[in-house]
Amino acid sequence: VRASLLHTLARVAAGGLPAQLVVPGSPASGALLLDVARAAVQLRLGSEAILFVRMRRMWKGSQARAEALCAAFDLTAAEGRVLAALANGQSAAEHAEAHGVSVHTVRKQIAVLRSKLGYTRQVDMIRAALAAI
């Protein structure tokens, strides 16, 4: 894991494209997904590049959480999966790709969820989902 992390950081710092790295974890804590991107040149300190690293937890138990969200908010199974994916840090495009559906379908499901749950902002809907689990 350490060698893979160092390789990814060096490649992105040398001017490579943004990258993702999965760091395995335990079933209880889940794996980590690291998104690594190079910062704009204006943000440099001296001659060294600055990298941004975003860490997101990838839960193995997200299906169970989807079921819990379905029960808590009276959602369909598909709506529960979308809400669980958003609460777990997945984007609409990532969820669409993982489930073999169009990103437009997922965006429509998000709009229906916001309406169904009474939220105008997606972030407020996700906060409510996180509070419910």
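Peer 1: Before we move on, could you go through the nonpolar core and cite the residues and values that matter?
Peer 2: Among the nonpolar cores identified, the biggest contains 18 residues, and Leu83, Ile110 and Met125 are the most heavily contacted of them. Broken down by secondary-structure element, the contributors of at least two residues to this core are α2 (62-73), α3 (77-87), α4 (92-99), α5 (103-117) and α6 (122-132). At five residues, α3 tops the list of elements feeding residues into this core. If near-sequence neighbours (up to four positions away) are discounted, Leu83 is found in contact with Leu69, Phe73, Leu75, Leu113, Leu117, Met125 and Ala129.

Peer 1: An account of the side chain of Arg56 is requested, with residue identities and associated values reported.
Peer 2: Among the structural elements, Arg56 can be located in strand β3 (residues 51-58). Note on Arg56: relative accessible area 9%, which makes it buried. A polar contact of 3.0 Å, which involves the side chain of Arg56, links it to the side chain of Glu94. Not counting residues within four places of it along the chain, the set of residues in contact with Arg56 comprises Gln20, Ala31, Leu32, Leu33, Asp35, Gly89, Gln90 and Glu94.

Peer 1: Any chance you could break down the pattern of salt bridges for me, citing the residues and the numbers?
Peer 2: Enumeration over the complete set of coordinates arrives at six salt bridges. Linking Arg121 and Asp124 is a salt bridge whose minimum nitrogen-to-oxygen distance equals 3.0 Å. A relative accessible area of 23% means that Asp124 is categorised as partly exposed. Counted as one network, the salt bridges with shared partners bring together Asp35, Arg54, Arg56 and Glu94.

Peer 1: I'd like to hear about α4, residue by residue, with values.
Peer 2: For an α-helix the count is 3.6 residues per turn, leaving residues at separations of three or four pointing the same way. Restricting attention to buried positions, one finds in α4 the residues Ala92, His95 and Ala96. Summarising the axial view, the buried residues of α4 lie within an arc of 100°, below the 170-degree limit, and thus occupy one face. Of the exposed residues in α4, the ones pointing more than 90 degrees away from its buried face are Glu97 and Ala98. Its buried side turned inward, α4 meets α3 and α5. Of the residues one or two after α4, Gly100 is the one with positive phi, at around 70°.

Cut-offs used in this document
Residues numbered from 1 in each chain as written. Predicted model: local features only at pLDDT ≥ 70, side-chain atom pairs only at ≥ 80, totals over all residues. Heavy atoms only, no water. Core = buried A, V, L, I, M, F, W, Y, C linked by side-chain atoms within 4.5 Å. Buried < 20%, exposed > 50% of the residue type's maximum accessible area, 1.4 Å probe, protein only. Helix = DSSP H or I, 4+ residues; strand = E, 2+ residues; numbered from the N terminus. Contact = heavy atoms within 4.5 Å. Polar contact = N/O pair within 3.5 Å; in protein donor to acceptor, adjacent residues only side chain to side chain. Salt bridge = Lys/Arg side-chain N within 4 Å of Asp/Glu carboxyl O. Arc of directions from axis to C-beta.

Read these as layout, nothing more, since geometry by itself doesn't imply function.
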